[in-house]
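Each chain, letter by letter, is given below.
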Amino acid sequence: MKSFFHVQDIGDLGKALEEAKQVKATPYAWQHLGKNKTIILVFFNNSLRTRLSSQKAALNLGLDPIVLNVNGDSWKLETRMGVVMDGDKSEHLKEAIPVIGSYCDLIGVRSFAGLTDKEFDYNETILKQFIEYSGKPVISLESATVHPCQAFADLFTIEEYKTKKRPKVVMTWAPHPRALPQAVPNSFAEWMNAADVDFVIAQPEGYELDPQFVGNARVVYDQMEAFEGADFVYAKNWSAMNPYGQVINKDMSWTVGARQMAVTNNAHFLHCLPVRRNMIVTDEVIDSPRSLVIPEAANRVVSAQVVMKRMLEEM
Ligand code: CP
């Protein structure tokens, strides 16, 4: 695997989930793979889970992790091509990336969507430069349009807790005060479409995601209708595609609460975290025994470890 970006990069999903089970059961069984090897984790944006779970996954594999907080620890990096660098950015990605690549064997990159230039974001301009200029395998740790380590952990969590072969999984938009990227819902949709689940997207009008990620999913504009009989509810906010990156609705009736959960099949609640309580989900639902947000976050180590393990095995 030269890069981890889309669901196709992991290959057969059944095999990947079986491998995740093995990694979770015996996390230190592949320590030899990472011996004398280094992963550099580049963060253009804040993180709790991704930063810590990626470091833990690397350590489990015997890999040495180095974290670089761009815009904090390093020079500010210019990401656009052909610009006169007369602003506050001291170094261009064209130099910084090959330098980073020369110090390591694997690279992970977090680079959120800017939400101002749709073409720049949806071309994955920053991640693609890492792939092109580093010469090393690159993992998206949430880039402009995707968050594959999260979606893999989400699917693995569903696999662990499902009680029927083909569960109904509903991803619902929920309100948030600030504009958020579409990366998490994009990847969740992509991975659910590839998995053996009955997948439904619940959203208000105007929040349609990019068709390449929606695929054949059923899109329902009535949240209560979508929730009927659901086995898993995955809540997330995302900003609109048109006008790009804008908050066009803050309808608090979409906050996931006991009213919606009552029509489900005693559904489990999922959210990638961080979550704004009583905006996205009520205290009652996230604190209920059906909430899986903590085991879901714990599985971020597993998904990251499977990806790094595969990359190391191919070296
Ligand atoms: N879910 C997730 O990616 O969390 P962080 O932003 O804290 O890494």
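What you are looking at is a predicted structure, and each value in this text was computed from that prediction instead of being measured.

Cut-offs applied
Residues numbered from 1 in each chain as written. Predicted model: local features only at pLDDT ≥ 70, side-chain atom pairs only at ≥ 80, totals over all residues. Heavy atoms only, no water. Domains from an automatic or database assignment. Contact = heavy atoms within 4.5 Å. Buried area = accessible area lost by both parts, 1.4 Å probe. Salt bridge = Lys/Arg side-chain N within 4 Å of Asp/Glu carboxyl O. Helix = DSSP H or I, 4+ residues; strand = E, 2+ residues; numbered from the N terminus. Nonpolar A, V, L, I, M, F, W, Y, C, P; charged D, E, K, R; others polar. Pairing = 2+ DSSP bridges. Buried < 20%, exposed > 50% of the residue type's maximum accessible area, 1.4 Å probe, protein only. Polar contact = N/O pair within 3.5 Å; in protein donor to acceptor, adjacent residues only side chain to side chain. Near = heavy atom within 4 Å. Areas by Shrake-Rupley, 256 points an atom, 1.4 Å probe, with all protein chains shown as cover.

Draft legend 1. Just the domain arrangement of the protein, in detail. Segmentation of the protein into domains returns domain 1 (3-146 + 299-313) and domain 2 (150-296). Each of domain 1 and domain 2 has a C-alpha centre, and the two are 25 Å apart. Taken together, the contacts link 31 residues of domain 1 with 32 residues of domain 2. Summed over both partners, the interface of domain 1 with domain 2 comes to about 2500 Å²; 66% of that surface belongs to carbon and sulfur atoms. Ranking the residues of domain 1 by area buried against domain 2 places Leu115, Tyr122 and Asn299 at the top, with a combined share of 28%. Counting the contacts that link domain 1 with domain 2 gives 1 salt bridge. Sorting the residues of the side of domain 1 that touches domain 2 by element identifies helix H1 (13-25), helix H4 (118-122) and helix H12 (293-313) as the ones contributing at least two each. Residue classes in the side of domain 1 that touches domain 2 are distributed as 16 nonpolar, 7 polar and 8 charged.

Draft legend 2. The arrangement of the sheet that holds strand S6 (residues 106-110) in detail. Taken in spatial order, the 5 strands make up an open sheet running S1-S7-S6-S2-S3, and their pairing is parallel. Of all the strands in the sheet, just strand S1 (3-4) and strand S3 (64-69) have a single pairing partner and so form its edges. With 5 bridges connecting them, strand S2 (residues 38-43) and S6 associate as parallel partners. Across the sheet, residue Leu41 finds its bridge partner in S6, namely Gly108.

Draft legend 3. The arrangement of the environment of Asp222 in detail. Assignment of secondary structure puts Asp222 in the loop between strand S10 (218-220) and helix H9 (223-227). Asp222 gets classed as partly exposed once you look at its relative accessible area, which sits at 38%. Separated by 199 residues in sequence, Asp222 and Val23 have C-alpha atoms that sit 39 Å apart. A distance of 3.1 Å separates a polar atom in the side chain of Asp222 from the backbone nitrogen of Glu225.

Draft legend 4. View of the site of the ligand. Around the ligand, the structure places Ser47, Leu48, Arg49, Thr50, Arg110, His147, Gln150, Cys272, Leu273 and Arg300. Taking Arg110, its side chain carries an N or O atom lying 2.8 Å from an oxygen atom of the ligand. A distance of 3.2 Å separates an oxygen atom of the ligand from a polar atom in the side chain of Arg300. Relative to its unbound accessible area of 250 Å², the ligand is 93% covered by the protein chains. When grouped by side-chain class, the residues that make up the shell around the ligand number 3 nonpolar, 4 polar and 3 charged.

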